[in-house]
Amino acid sequence: MALYKNYSKNEKGRQYLRNGSIMLLLVILALATLFPIYYMIMSSFGNPVESGAASYSLIMKHPTLASYRFFFDYSKYSFRWILNSFLVAGVVTASNVIFATAAGYAFSKLRFRGNKVLFSILLVSMMIPYQVTQVPLYILIVNVLKMDNTYSALIAPGLVSAYNVFLAKQFIGSLPTEIIEASKIEGCSQFKLLTRIIMPLSKTVMAVMAINTFMNNWNTFFWPFLVTKTEQMQTIQVGLKNFSFANTTYFSPMMAGATISALPMFILFFALQKYFLEGVTVGAVKG
């Protein structure tokens, strides 16, 4: 009995030590992740006059909203940058949800010649790095189609992504085929079948696609930077670079703009966080 008690105490001690070590590691990782966000928000309340100085502090000594006013007064297109980001991210998100769901349904439930070949090509395209396609895409959009500095140039390359098609195909492939067959027997057309049966059953994967696509397009910098020439057409991420110069940087106003640009992501995450968690495993179903 005494031996069992000693073993039980040792086992509990090791368990407490293991759990404590894991918790400590998670706290450190959480602090490392949250620190840039904290520093961004804290710096946004600094004085824009002192923004070029190297006297950065981790504590707000004299918080002020002057940097936020400076951000909106600096350029007459400051509001336009935010509206451009909403427009581009919104249109790209809507097109991805619609087209990717339709393509995923076609690849998973319809039988047509070349189905597997086309899907294999789609998978191969996912393996090509994003940076590799930027030069030919830039030549096509700017030199061939003459679409630079337009909303079309910002939106067209992202109308549908191979990853979203793959995600939709994997999810829709797990839906019972009997539902589709019963609908066809009742005289349901392919369009009605897609809009009234497949899409309502695929709300989870559609929400995941919408969240990921909106985040990626809202935060993207490189492509809008390439195809926009005027401040009027810039997105919020590209507009922030206007606060950085060769000799100085308007640090606090730039952090104020970054905080404003991050607000939609914060709202999106806290409002739809359950879909973020579902998005981790939604593509792992067997298709």
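The protein chain is annotated in an unreviewed UniProt entry as Multiple sugar transport system permease protein of Anaerocolumna jejuensis DSM 15929. Among the UniProt annotations of the protein chain, the heading Sequence similarities (unreviewed entry) holds the following wording: "Belongs to the binding-protein-dependent transport system permease family." UniProt's Subcellular location (unreviewed entry) comment on the protein chain is quoted here verbatim: "Cell membrane".

Description of the overall build of the protein chain
Within the protein chain one finds 14 helices and zero strands. Seen in sequence order, the protein chain has helices and strands lined up from the N terminus as α-α-α-α-α-α-α-α-α-α-α-α-α-α. Taken over 287 residues, the protein chain has a buried fraction of 36%. In the protein chain, of all internal contacts separated by at least 6 residues, the share reaching a separation of at least 24 is 73%.

What about the packing of aromatic side chains?
According to the stated counting rule, one finds 14 aromatic pairs in the structure shown. Here the aromatic rings of Phe-70 and Tyr-74 are separated by 5.9 Å at their centres, their planes lie at 25°, and the arrangement is stacked. Note that Phe-70 and Tyr-74 are positioned in helix 2 (residues 66–74) at a spacing of four residues, about one turn of the helix. Overall, the relative accessible area of 24% leaves Phe-70 in the partly exposed class. The exposure class assigned to Tyr-74 is partly exposed, which follows from its relative accessible area of 32%. Clustering of aromatic rings is evident, with ring pairs tying together Phe-71, Phe-72, Phe-79 and Trp-81. The positively charged end of Lys-169 is found above the aromatic ring belonging to Phe-119, 4.7 Å away from the centroid.

A closer look at helix 13 (residues 251–271)
For an α-helix, 3.6 residues make a turn, and residues three or four places apart therefore share a direction. Taking 1.5 Å of rise per residue, 21 residues should cover 30 Å, and helix 13 covers 30 Å from first to last C-alpha, within 8% of that figure. Ala-262 marks the point of greatest bend in helix 13, at about 30°, and the proline Pro-264 comes within the next four residues. Of all 21 residues making up helix 13, 15 are buried, and the element is well covered by its neighbours.

A word on a nonpolar patch on the surface
Together, Leu-87, Val-91, Ile-98, Phe-99, Leu-159 and Val-160 make up an exposed nonpolar region whose accessible area comes to about 470 Å². Relative to the helices and strands, Leu-159 is located in the loop between helix 6 (151–155) and helix 7 (162–172). A relative accessible area of 33% places Leu-159 in the partly exposed class.

About the criteria used
Residues numbered from 1 in each chain as written. Predicted model: local features only at pLDDT ≥ 70, side-chain atom pairs only at ≥ 80, totals over all residues. Heavy atoms only, no water. UniProt positions renumbered as here; feature names shortened; annotations may be inferred. Helix = DSSP H or I, 4+ residues; strand = E, 2+ residues; numbered from the N terminus. Buried < 20%, exposed > 50% of the residue type's maximum accessible area, 1.4 Å probe, protein only. Contact = heavy atoms within 4.5 Å. Phe/Tyr/Trp six-rings, centres within 6.5 Å; stacked < 30°, edge-to-face > 60°. Lys NZ or Arg CZ within 6 Å of the ring centre and 35° of its normal. Expected span 1.5 Å × (residues − 1). Bend = angle between axes of the 7 residues up to and from the residue. Patch = residues over 30% accessible without salt bridge, like charges linked within 9 Å, V, L, I, M, F, W, Y side chains within 5 Å. Areas by Shrake-Rupley, 256 points an atom, 1.4 Å probe, with all protein chains shown as cover. Salt bridge = Lys/Arg side-chain N within 4 Å of Asp/Glu carboxyl O.

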